[in-house]
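Each chain, letter by letter, is given below.
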Amino acid sequence: MSSSGSARRPGGTAAADTARGTPARGAQAAREAAAKAELKALAAKGFPAPEGESVCSYLDRNLELLGSLDPELRDGLFYEATGAWLERCPFSREELQALAERLASGDFLFRGIEDPSGDDVYRRTFSALVLDLLVRRSNGGEGMEAVDLGDEATAAVASAMERYAAEERNLSGYDPEKGWAHSSAHAADVLASLAASPRVDRRGLARLLGAARTLLLKSESAYAHQECGRIAKVLLAAQRRGESARALVRAWIEEALEACPRAFADRAAYARWTNLLDLLRALYFHLRAEPDGAELADFVESKVRKLMRIA
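Structure report, in brief. All chains use their own residue numbering, which begins from 1 and follows the written sequence. Per-residue local features are limited, in this predicted model, to residues with pLDDT of at least 70; the limit for side-chain atom pairs, both in listing and counting, is 80 or more; totals at the level of whole chains, interfaces and linings are taken over all residues. The side-chain quantities take in all heavy atoms of the structure and omit both hydrogens and water.

On to the side chain of glutamate 290. Each helix corresponds to a stretch of at least 4 residues labelled H or I by DSSP, and each strand to a stretch of at least 2 residues labelled E; elements are numbered beginning at the N terminus. By secondary structure assignment, the location of glutamate 290 is in the loop between helix 11 (267–288) and helix 12 (294–308). A residue is classified by how much of its surface remains accessible, and glutamate 290, at 18% relative accessible area, is buried. Contact between two residues is taken to exist if any of their heavy atoms lie within 4.5 Å; hydrogens are not considered. Not counting the four nearest positions on each side in its chain, glutamate 290 is found in contact with Leu236, Gln239 and Arg240. Exposed residues in this analysis have more than 50% of their type's maximum accessible area, buried residues have under 20%, and partly exposed residues fall in between, with area computed by a 1.4 Å probe over protein chains only.

Since there are 3.6 residues in each turn of an α-helix, residues three or four apart along the chain are aligned in direction. Where helix 4 (residues 93–103) is concerned, the buried positions are Leu96, Leu99, Ala100 and Leu103. Considered in projection along helix 4, the buried side chains sweep an arc of 100 degrees and stay on one side of the axis. Turned more than 90 degrees off the buried face of helix 4, the exposed positions are Glu94 and Glu101. Residues of helix 4 that are buried in the fold lie against helix 2 (55–62), helix 3 (71–88), helix 5 (120–139) and helix 6 (151–167). The arc in question is traced by the directions running from the helix axis to the C-beta atoms.

With that settled, consider the packing of helix 2 against helix 3. At a minimum axis separation of 11 Å, helix 2 and helix 3 run at an interaxial angle of 155 degrees. Between helix 2 and helix 3, the interaxial angle falls into the category roughly antiparallel. Every pair of crossing elements has a handedness; the one defined by helix 2 and helix 3 is left-handed. Side by side, helix 2 and helix 3 meet where Val55, Tyr58, Leu59 and Asn62 of the first sit next to Phe78, Thr82 and Trp85 of the second. Under this grouping Gly is polar, as are all residues other than the nonpolar Ala, Val, Leu, Ile, Met, Phe, Trp, Tyr, Cys and Pro and the charged Asp, Glu, Lys and Arg. When the residues that make up the contact of helix 2 with helix 3 are grouped by side-chain class, the tally is 5 nonpolar, 2 polar and no charged. Note on method: axes are straight lines fitted to C-alpha atoms, helices fitted across the in-contact stretch only, with angles between N-to-C directions ranging 0 to 180 degrees. For classification purposes, an angle smaller than 35 degrees is called roughly parallel, one larger than 145 roughly antiparallel, one from 65 to 115 roughly perpendicular, and anything else oblique. By definition, any crossing whose near helix is turned counterclockwise from its far helix by less than a right angle is left-handed, and any crossing with a clockwise turn is right-handed.

This part takes up helix 2. Regarding helix 2, the residues found buried are Val55, Cys56, Tyr58, Leu59 and Asn62. Viewed along the axis of helix 2, the buried residues span an arc of 160 degrees, placing them on a single side of the element.

What follows deals with the packing of aromatic side chains. Aromatic pairs are defined between Phe, Tyr and Trp rings, using the six-membered ring for Trp, whenever the two ring centres lie within 6.5 Å; interplanar angles under 30 degrees are classed as stacked, those over 60 as edge-to-face, and all others as tilted. Per the counting criterion, the structure on display carries 7 aromatic pairs. Seen from their ring centres, tyrosine 270 and tryptophan 273 are 5.5 Å apart, and the 15 degrees between their planes marks the pair as stacked. In this pair, tyrosine 270 and tryptophan 273 both sit in helix 11, 3 residues apart, roughly one turn of the helix. By relative accessible area, which is 30% here, tyrosine 270 ends up partly exposed. Residue classification places tryptophan 273 among the buried residues on the basis of a relative accessible area of 6%. Here the aromatic residues Phe264, Tyr270 and Trp273 are joined through ring pairs into a cluster of three or more. Criterion for a charge above a ring: Arg CZ or Lys NZ at most 6 Å from the ring centre, at most 35 degrees from the ring normal. Sitting above the plane of the phenylalanine 108 ring, arginine 123 keeps its charged end 4.3 Å from the centroid. Above the plane of the ring of phenylalanine 110 lies arginine 163, whose end atom (NZ or CZ) is 3.7 Å from the centre.

Dropping the structure here:
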């Protein structure tokens, strides 16, 4: 037994054990360097479809890049390319369903979730961002040609995001070396797109709002990277579904107010109160810009005034 308490194989050394991992790390670094060079070349041309293979094949082959610890590669290149291709390239329903199934699996959305301090958080949170792109493509949003995921696949993504909202414990925002993790914001983006989906009924909408509530209440410190504004967009998307959905949003707000009392002596409780106030202020301004948002905006304003003790 070594002084550090770790067992070694007979004849083994710490240096030898470390060296055994070096070839795998070296191979990964080489793959990432090649992918980065290729994606930079595509970026210079506005991200045209890759030559020699389908976009779907390219994404499937390179999906591991969502977990790269190089933020330029992960966020600035691979995610940007994925967004451009999912916006404008042709895909079949089956291709998008297969991609969604892989992203919502234990290899991506839930990879390493039991260890909140591990670097797999980047793989999880960027898997969520690509799931958001898939749901938006299914919805036909923002000028995209709709490719409907269907009831079963949409429900599977919604169920996965509900679970993810409950299980993710790494709530970090930005790391100067590794870039954005931003789990609550990325999860909220998917929930908002799902809330806009015609495949989600009122019962499903209530569950999505429940997941948004989980995102709001789970943090024991005030969110610092616009997470509350992103969570507000889940409520915004929901209220666009009609009066029945707006009733769900009003009930959500009332329940959140009950769960977030103003308690200066309790650090975690005060953080939740602060996050709710930030969310409601963001929602208020979004609603004021909505064609049918005035009534709900007035309701939100009354709650903000009460929270801030403004007559």
